[in-house]
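Remarks on the overall topology
Here's the letter readout for the chains.
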Amino acid sequence: RRVLFRSDLPRRMATSSPQMPGARQEPVFTVVDFLKLQPNGAIDQAEFEVAIPKLYDLQVFEPEVQSTVETGDDLPEVTLTDRTGKERRLDEFRGEFVLIEFWASWSPQSKLSLPGTQQLHDEFGKRGLRVIALSLDVEDELDDARKFLDAKKFSFLTLFDGSDFAEDLGLKTLPHLILLDRTGKVVYQHTGDSPKAEKRLRRKILEQLSSKN
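Residues numbered from 1 in each chain as written. Predicted model: local features only at pLDDT ≥ 70, side-chain atom pairs only at ≥ 80, totals over all residues. Heavy atoms only, no water.

Focus: unusual backbone geometry
Note the cis peptide between Leu174 and Pro175, where omega equals 0°. Its place among the elements puts Pro175 in the loop between α3 (165–168) and β8 (176–180). Although it is not a glycine, Glu139 adopts a positive phi angle of roughly 50°. You can see Glu139 is positioned in the loop between β6 (129–135) and α2 (141–152). (Helix = DSSP H or I, 4+ residues; strand = E, 2+ residues; numbered from the N terminus.)

Right, here's the structure in full:
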């Protein structure tokens, strides 16, 4: 009976050891057949867990903060747009704690970071934290950004940077998160998305929300 496969997944992998010129031994072949392949099948995360050998430690890479902004700085005023095309300015949010995440649809890591930002919005939004996702997408990239936002159904405020705001701040890597106090001053920032940075951000948010200043 002829079986038709409905995917382009590989069915067999064959390798052979290299043979030096003049060698007399028979070549060694390794053939592996893949059975019961299922396109888009469920992935067992346990298969990716690797035991750490004794005498070794696991170290998580954490990128350095990459910006020209310093703690205590005021961000420059800039005109941004929301999803309806309405112009918005940062000074509208003075008096609130504001978390800004710079991201873009062409940055896989920043797209992976946004669900965690949504969790912060869900947890601290009612307590006074304003969460803003600031997209750096421009022109033809805007459609991809809007489609991604629609698919994920994020409920935080989304703004678009139609200027050189991120460049003026010296941002080089996405995602980049900046936390502002009620006066608009920078109290914390980090580049990338690491567990350590997320814990520090959460502690700083709790610290600011409990502050009466």
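With respect to the environment of Val186
Relative to the elements of secondary structure, Val186 occurs in strand β9 (residues 186–191). On the accessibility criterion, Val186 (2% relative accessible area) is buried. Excluding residues that lie within four positions of it along the chain, Val186 makes contacts with Val69, Glu70, Thr71, Gly72, Asp73, Leu75, Ile178, Leu179 and Leu180. (Buried < 20%, exposed > 50% of the residue type's maximum accessible area, 1.4 Å probe, protein only. Contact = heavy atoms within 4.5 Å.)

So, the nonpolar core
Core analysis: the biggest nonpolar cluster contains 24 residues, and Leu99, Trp103, Leu114, Leu129, Leu179, Leu201 and Ile205 have the highest contact counts within it. Of all the elements in the fold, those that place two or more residues in this core are β5 (97–103), α1 (108–124), β6, α2, β8, β9 and α4 (195–210). With sequence-adjacent residues up to four places away left out, Trp103 is seen in contact with Ser110, Lys111, Leu114, Ala133, Leu134, Ser135, Leu136, Asp137, Ala145, Phe148, Leu149 and Leu174. Val98, Ala166, Ile178 and Val186 belong to the second-largest nonpolar core, a separate cluster that totals 23 residues. (Core = buried A, V, L, I, M, F, W, Y, C linked by side-chain atoms within 4.5 Å.)

Brief notes about the confidence of the model for the protein chain
When the pLDDT values of the protein chain are averaged, the result is 85; 82% of them are 70 or greater. Put simply, strand β1 (residues 12–16) is where the protein chain has its lowest mean pLDDT, 72, and β6 is where it has its highest, 97. (pLDDT = per-residue confidence, 0-100.)

Topic: the pattern of salt bridges
Evaluated as defined, the whole model comprises ten salt bridges. Notably, a salt bridge pairs Arg94 with Glu77, separated by 3.9 Å at the nearest N-O pair. Here Arg94, found in the loop between β4 (87–89) and β5, pairs with Glu77, found in the loop between β2 (29–33) and β3 (79–82); they are 17 residues apart in sequence, far enough to count as distant. Among the salt bridges present, the one from Arg130 reaches Glu96, with a minimum N-O distance of 3.4 Å. Of this pair, Arg130 sits in strand β6 while Glu96 sits in the loop between β4 and β5, placing them 34 residues apart in sequence. Judged by relative accessible area, which is 27%, Arg130 ranks as partly exposed. (Salt bridge = Lys/Arg side-chain N within 4 Å of Asp/Glu carboxyl O.)

What to know about α2
Between its first and last C-alpha atoms α2 spans 17 Å; for twelve residues at 1.5 Å apiece the expected length is 16 Å, and the two agree. Within the span of α2, buried status applies to Leu142, Ala145, Phe148 and Leu149. For α2, the arc enclosing every buried residue in end-on projection is 125°, short of the 170-degree limit, so these residues lie on one face. Set apart from the buried face of α2 by more than 90 degrees, the exposed residues are Lys147 and Ala151. Remark: Lys153 follows α2 within two positions and exhibits a positive phi of approximately 55°. (Expected span 1.5 Å × (residues − 1). Arc of directions from axis to C-beta.)

Points about the side chain of Thr117
As for its position among the elements, Thr117 is in helix α1. Classification of Thr117 as buried rests on a relative accessible area of 2%. Look past the residues within four positions of Thr117 in its chain and what remains in contact with it is Glu101, Val131, Phe156 and Leu177.

Some details on the pairing of β8
Counted residue by residue, β8 has five buried out of five residues, so it is predominantly covered. Here β8 shows a buried face lined by His176, Ile178 and Leu180 and a second buried face lined by Leu177 and Leu179. Across five bridges, β5 lies against β8 in antiparallel orientation. Bridged to Leu99 within β8 is Leu179. As paired elements, β8 and β9 share five bridges and run antiparallel to each other. Note on β9: the bridge partner recorded for Ile178 is Gln189. Hairpin connection from β8 to β9: five residues lie between these consecutive antiparallel strands, with Gly184 at a positive phi of about 90°. (Pairing = 2+ DSSP bridges.)

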